[in-house]
Protein chains: 2
Amino acid sequence: MRIVALGGLGEIGLNLMAVECAGRAIVIDCGMMFPDEPALGIGAYVPRMTWLEQSHLTIEAVVLTHAHEDHIGALAHLLRRFNVPVYGTDVTLAFTRRRLAESELDEKIDLRTIAPRDVFAAGPFTIEAIRVTHSTPNSIALAIRTPAGIIIHSGDFKIDDAPVDGEMFDRERFAQLGAEGVALLMSDSTNVERPGRSGSESSLKPILRELTSRARGRFFLSAFSSHLHRIRQVVEVSREFGRRVAPLGRRIAESVRLGMEIGQLNFPPGMFVTPDEAEFLEPHRLSYLASGSQGEPMSALAKLGADSHPRVRIEHGDVVVLSSRFIPGNERTINTLVNRLYRQGAEVVYDAVAPVHVSGHASQDELAELITLTRPKNFIPIHGEYRHLSRHVSLAIAAGIPEQNCFLLEDGDSIVLNGTGARRGARVDAGRVIVEGVDAGDMSLLGERRMLARDGTVTAILVVSAQTGRILMGPDLVSRGLVSGNGTSEHMRRATDEVRRRLGAIGGPFRANESRVKEEIVRAIRNYFSDELGKRPLVIPYVTEV
Amino acid sequence: MRIVALGGLGEIGLNLMAVECAGRAIVIDCGMMFPDEPALGIGAYVPRMTWLEQSHLTIEAVVLTHAHEDHIGALAHLLRRFNVPVYGTDVTLAFTRRRLAESELDEKIDLRTIAPRDVFAAGPFTIEAIRVTHSTPNSIALAIRTPAGIIIHSGDFKIDDAPVDGEMFDRERFAQLGAEGVALLMSDSTNVERPGRSGSESSLKPILRELTSRARGRFFLSAFSSHLHRIRQVVEVSREFGRRVAPLGRRIAESVRLGMEIGQLNFPPGMFVTPDEAEFLEPHRLSYLASGSQGEPMSALAKLGADSHPRVRIEHGDVVVLSSRFIPGNERTINTLVNRLYRQGAEVVYDAVAPVHVSGHASQDELAELITLTRPKNFIPIHGEYRHLSRHVSLAIAAGIPEQNCFLLEDGDSIVLNGTGARRGARVDAGRVIVEGVDAGDMSLLGERRMLARDGTVTAILVVSAQTGRILMGPDLVSRGLVSGNGTSEHMRRATDEVRRRLGAIGGPFRANESRVKEEIVRAIRNYFSDELGKRPLVIPYVTEV
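All values reported here derive from a predicted model rather than from experimental measurement.

Caption draft 1: Region of interest: the sheet that holds strand E17 (residues 347-349) of chain A. Residues and elements named next belong to chain A. Across the sheet, which stays open at both edges, the 5 strands sit in the order E14-E15-E13-E16-E17 with parallel pairing between neighbours. Because the sheet does not close on itself, it has two edges, and the strands there are strand E14 (244-248) and E17. The sheet shows a mean angle of 20° between the axes of neighbouring strands, taken without regard to direction. Of the pairings in the sheet, the one linking strand E16 (residues 319-322) to E17 comprises 3 bridges and is parallel in character. Paired with Val320 across the strands is Val348, a residue of E17.

See below:
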């Protein structure tokens, strides 16, 4: 039997894994990812599913560990290809259903709700859900009984000993499985760089209380919309201070509604108000849950910063809390947001100035604890970039797993596991594709945009006579994003001369479909701007006959 | 008299300030800045000098506080316009001379070396240099005696009580000026978000020692090339362990040479070796000072990560230390670099996993100390984004300066100061321009690149008869970076139909110079892709007559 890493291990930051035995497989998680180069305007990445499609596996089930986008976001892309049941806890499936509805797939899908300690069969596997703690409720790890022994997949987890919902990380069950014998542990590497323990989500309550009490005006907090624990704490604190809570932004309003439906946000009626109702409340009687903690351009927070929100304006005395980590690549946008909110008169509080965020991922001591509890024979670090995976291997070795039993896999790598041990298997095709709007595209688009962004573009137009092959018009050069106003005309004139010289050297007659002419045009323009300005614009040669 | 903020206060992250009295002025610092959107390929920003050019001031001197790019990098752009003497300490001018040589300006400039506690006259001002501690040696603050009282400009500073070179922050002089009476303090806001004190540069030595001793192979360290204190410590530690030091990269080699020339790096001959000589040394006898701690694409570190360095290859047992903070916007590039170095077999150490960097900027307690020492009547926070400036004002108020005497200026703002007090003056023109290669351009180039990067480009070509005005060829659409392979042809066909429909509605005859035709083409294409894909490509309409 084989474990195949299709995403989440290394550069492809979205999670997808297959566990296969004799042609029958289960898929664990199926995530999407937002771009870390927002300038390039890429909507989202989803995993390339070529291998799943071509490997002729029978996929028996998809099992989702928790409700985050990087674990559930690409499910629609998988389900369009494979009609399989999807397992997850109530919270996970509630968010998944919302996601599928956006893809107009929700009606047709077989979603099966499971609870921690539930056991179900999928093909040759028996799967048990084990409760972990994380930044969204009812997250689970998986214990998969296979012919080659028990495999544990940690999902995303931390060990929170004072969880907001009182639902404890299931140490007991992990220890029992450890005693029974675990062939392989795959464990979340996200925070392997952090020493000690991650701290409990509930440790935020005192600072939330302090900030709320300090706000003379309204209290705004922005967190990930699926972070129902965080939302719950904000509401609890608001209630202590006689504030009602208004969700601001479509996504957060939906999450609050979901949270109420599935019993994660149990508050008396009237605790939540709509933004319309909020306008009748005094500032110190009001908290807002606003979307946009990553500086997303169309979010409620971004509009507040730009003073363009249709309903709400920041006023002096308002406190705005960005209660999440800043995702790398977003810092610049978030910086701008913070500066703008300050300029509107708010006091802005974020991770750099006060401990207003606690991570949902295990730090070093918790990672070591999971290894100690489960005592696996073999170990694969998952969910991280190469440096995280590498450090997690070192940690596992220090925790007592023999070096030769630790496997640093990257996306596309696989492991073959049998009764006697584990070894590396063949590489498979893995990667990601772009989704923009409704279309999924290949990555060459991204290469074009990178070139355009860095060095701009030059279109060279040449009109030749269909009868004689003589040049009727051109070469004429049009550029954008290459050189600025001052220098444009002179550079264009000289580059045009250069193209003309080359065409003269080739000599006519010219034809529209001659690739040599186009190649010469591209080369002449590239060389000119490379030599003169050190720039390599994207050149579009256009030759037409009339 | 007037203080004019031309850069460094708010969004324009490069420093430039003018202090003016009756038409005569001094300029303090003149910085450039590298882009925080590297994808857009912008070489660098320099301040727009329109106001300095048009205000008919007599500029008496430029005074440089220290050797960093964001304080000296745009000097050539200023000196091409104004022929004025430039004052700075030996270290500052050594780096400045290198910078000017790159602009072929070094021969013609009147550079005047000053030392801390030196006093010199410039127009109506008497200026005194006061030693501060910072991440490059011989950094100074300025005390400027003016008809309206003493103005103190902190430069960039921290208060390091155990500086590597033994040269102490001049508390005594600040206190004397405070006793004499300071009309205005302008102070560095960079690290106002950090509580406590910044810690001494020399506190790094134990960890450098530990990491060097741990390295079975070579020891690599990358820091800013002007950070001669850091370089000195690396060399001292290497010497303890019998390692010689090889600078790797042009910029760092130049800095080492400068540091030796000006007496900042006093080591016996043979302590430094060239990369050629280094090849004869055993790994544990060798340290490298490598350039590229920000992941710069052509740097030594980047080449090591890509295994494309012409001389050096990373091997198992090598330790690589990134000894600098990660500048926002660079995280993604640095992440990739770290992953690659790991993959080559190095152990990589950076700020997130070990305290291998100490900031050169004052934290809250040091900022308060400078205020207490100088007891200024008025206060302006400088060097920071809006949020830093805002927090620094709060800190100054808490330190005892009346709120109405604190001025939160942004670039383009000015303050009028006279014997009785300070008040806001008129706004002036301030901003930044792009420098790429040798050309300075306006910002519209950046707008074009943003559009190209996000949504790509469509060129629409139409060839009409010069005689009849009838369409001979086209409309023909060529796109790049807009939609990916799968969908291109269908979208292009439909967008072309849309353009054809519009042209039909207008009706001919068509002329090349008709703006209405071009506008219709642009509108048709924009609308199509906006409606169909939510994209707004940069459209280039091209109509020609033959």
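Caption draft 2: Summary view of the interface of chain B and chain A. With 62 residues of chain B in contact, the opposing surface of chain A contributes 62 residues. Counting across the chain B and chain A interface gives 2 salt bridges. The partner of B:Glu410 in a salt bridge is A:Arg343, and the shortest N-O contact between them spans 2.4 Å. The interface formed by chain B and chain A holds 29 residue pairs in polar contact (both at pLDDT 80 or more) in total. Looking at the side of chain B that touches chain A, the elements that each hand over two or more residues are helix H11 (331-344), helix H13 (386-398), strand E22 (439-441), helix H14 (444-455), strand E23 (457-464), strand E24 (471-480), helix H15 (485-506) and strand E25 (538-545) of chain B. Each residue belonging to the side of chain B that touches chain A can be placed in one class, and the counts come to 26 nonpolar, 14 polar and 22 charged.

Caption draft 3: Representation of the packing of aromatic side chains in the model. Residue and element names in this part refer to chain A. Inspection of every chain in the model, using the stated rule, returns 14 aromatic pairs over all chains. Arranged with centres 4.9 Å apart and planes meeting at 90°, the rings of Tyr528 and Phe529 form a pair that is edge-to-face. Pair check on accessibility: Tyr528 and Phe529 agree, each one buried. An aromatic cluster is built from Phe157, Phe169 and Phe174, whose rings are joined through pairwise contacts. In this structure, Arg432 packs its charged tip against the face of Tyr45, placed 3.9 Å from the ring centre.

Caption draft 4: Region of the structure containing the pattern of salt bridges. Taken as a whole and judged by the stated rule, the model has 88 salt bridges over all chains. Residues B:Glu236 and B:Lys205 are paired through a salt bridge, measuring 2.4 Å at the closest nitrogen-oxygen approach. Here the residue B:Glu236 occupies a position in helix H7 (residues 228-240), and B:Lys205 occupies one in helix H6 (residues 205-214), the gap between them amounting to 31 residues. Note on B:Glu236: relative accessible area 22%, which makes it partly exposed. When the shortest N-O distance is used, the salt bridge between B:Glu236 and B:Arg232 registers 3.1 Å. Of this pair, B:Glu236 and B:Arg232 both sit in helix H7, 4 residues apart, roughly one helical turn. Residues joined by salt bridges that share partners form a network here, namely A:Glu69, A:Arg99, A:Glu102 and A:Arg251.

Caption draft 5: Layout of the relation of the copies chain B and chain A. Overlaying chain B on chain A yields an RMSD of 0.1 Å, the required transformation being a rotation through 180° with an accompanying axial translation of 0.1 Å. Classification of the inter-copy transformation places it as that of a two-fold axis. Nearest to the rotation axis, the C-alpha of B:Ala453 is located 2.3 Å from it, this being the minimum over chain B. Most of the interface of chain B is mirrored in chain A, where 100% of its interface residues again form contacts.

Caption draft 6: Geometry of the sheet that holds strand E8 (residues 119-122) of chain B. All names here are of chain B. Here we have 6 strands laid out as an open sheet, ordered E8-E9-E10-E11-E12-E18, and mixed in their pairing. A strand with exactly one partner marks an edge of an open sheet, and here the two such strands are E8 and strand E18 (376-382). The sheet shows a mean angle of 20° between the axes of neighbouring strands, direction not considered. Bridging between E8 and strand E9 (residues 125-131) involves 4 bridges; their strand directions are antiparallel. In the strand pairing of E9, Val119 is matched with Glu128. The strands touched by helix H12 (residues 364-374) are strand E11 (149-153), strand E12 (182-188) and E18; relative to E12, the strand with the most contacts, the crossing angle is about 165°. Sheet strands touched by H13: E12 and E18. Its angle to E18, the strand with the most contacts, is close to 155°.

Caption draft 7: H12(B), seen in detail. Residues and elements named next belong to chain B. Within H12, burial applies to Glu366, Leu367, Glu369, Leu370, Ile371, Leu373 and Thr374. Buried residues in H12 make contact with E11, helix H5 (171-180), E12, E18 and H13. Positive phi appears at Arg375, one or two residues downstream of H12, with a value of about 40°.

Caption draft 8: Spotlight on the pairing of strand E1 (residues 2-7) of chain B. Residues and elements named next belong to chain B. Buried residues dominate E1, accounting for 5 of its 6 residues. The pairing of E1 with strand E2 (residues 16-21) spans 5 bridges and is antiparallel. When the sheet's bridge partners are listed, Ala5 is paired in E2 with Met17. Two strands pair when backbone bridges link them, and E1 and strand E19 (residues 414-418) are joined in this way by 3 bridges, in the antiparallel orientation. Pairing of Val4 across the sheet is with Ser414, part of E19.

Definitions and limits used
- Residues numbered from 1 in each chain as written.
- Chains lettered and ligands numbered in written order.
- Predicted model: local features only at pLDDT ≥ 70, side-chain atom pairs only at ≥ 80, totals over all residues.
- Heavy atoms only, no water.
- Pairing = 2+ DSSP bridges.
- Helix = DSSP H or I, 4+ residues; strand = E, 2+ residues; numbered from the N terminus.
- Axes fitted to C-alpha atoms, helices over the stretch in contact; angles between N-to-C directions.
- Contact = heavy atoms within 4.5 Å.
- Salt bridge = Lys/Arg side-chain N within 4 Å of Asp/Glu carboxyl O.
- Polar contact = N/O pair within 3.5 Å; in protein donor to acceptor, adjacent residues only side chain to side chain.
- Nonpolar A, V, L, I, M, F, W, Y, C, P; charged D, E, K, R; others polar.
- Phe/Tyr/Trp six-rings, centres within 6.5 Å; stacked < 30°, edge-to-face > 60°.
- Buried < 20%, exposed > 50% of the residue type's maximum accessible area, 1.4 Å probe, protein only.
- Lys NZ or Arg CZ within 6 Å of the ring centre and 35° of its normal.
- Least-squares fit on C-alpha atoms with pLDDT ≥ 70 in both.

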